[in-house]
Amino acid sequence: MKELPRSTPEEIVEELRDKAREEADDLNLEISPTAVRLGVARLWSPEDMIEWEAADCIEDLLKRLNEK
């Protein structure tokens, strides 16, 4: 079985952030601008996505590991 190349933590963080941006864009395409203006819906930002939170966790872990 062929081994896949291993990603660095930094590459994983960037991939997660890219995925969060894509997810937010996809969700926003389905939201009516009128609903946003009326206040019954809001636009999503990449920071609202779970992938963004996962990237933050990885970065925090890396910082803590580098402190020791």
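Okay, so let's go over this structure. (Residues numbered from 1 in each chain as written. Predicted model: local features only at pLDDT ≥ 70, side-chain atom pairs only at ≥ 80, totals over all residues. Heavy atoms only, no water.)

Focus: the side chain of Arg17
Rules: A helix here means a DSSP run of H or I that spans at least four residues, while a strand means a run of E at least two residues long, and both kinds are numbered starting from the N terminus. Categorising residues by exposure relies on relative accessible area from a 1.4 Å probe, with only protein chains included: less than 20% of the type maximum marks a residue as buried, more than 50% marks it as exposed, and the intermediate range marks it as partly exposed. Polar contact criterion, stated in full: a pair of N or O atoms within 3.5 Å, where within protein one must be able to donate a hydrogen and the other to accept it, and residues adjacent in sequence count only if both atoms are side-chain atoms. By definition, residues are in contact when any of their heavy atoms lie within 4.5 Å.
Secondary-structure assignment places Arg17 in helix α1 (residues 9-29). Using a relative accessible area of 8% as the deciding quantity, one classes Arg17 as buried. At 3.5 Å, the side chain of Arg17 forms a polar contact with the backbone oxygen of Trp52. In this structure the side chain of Arg17 is engaged in a polar contact, spanning 2.8 Å, whose partner is the side chain of Asp56. Apart from the residues lying within four places of it in its own chain, the contact partners of Arg17 are Trp52, Ala55, Asp56 and Glu59.

Observations regarding the packing of aromatic side chains
Rules: For this analysis, a ring pair means two rings from Phe, Tyr or Trp (six-membered ring only for Trp) whose centres lie within 6.5 Å, classed as stacked if their planes differ by under 30 degrees, edge-to-face if by over 60, and tilted for the remaining angles. In this scheme, Lys NZ or Arg CZ marks a charge over a ring once it lies within 6 Å of the ring centre and within 35 degrees of the ring normal.
Applying the stated criterion to the full structure yields zero aromatic pairs. The aromatic ring of Trp52 is capped on one face by Arg17, whose charged end is 4.2 Å from the ring centroid. Above the face of the Trp44 ring, Arg42 is positioned so that its terminal group lies 4.6 Å from the ring centre.

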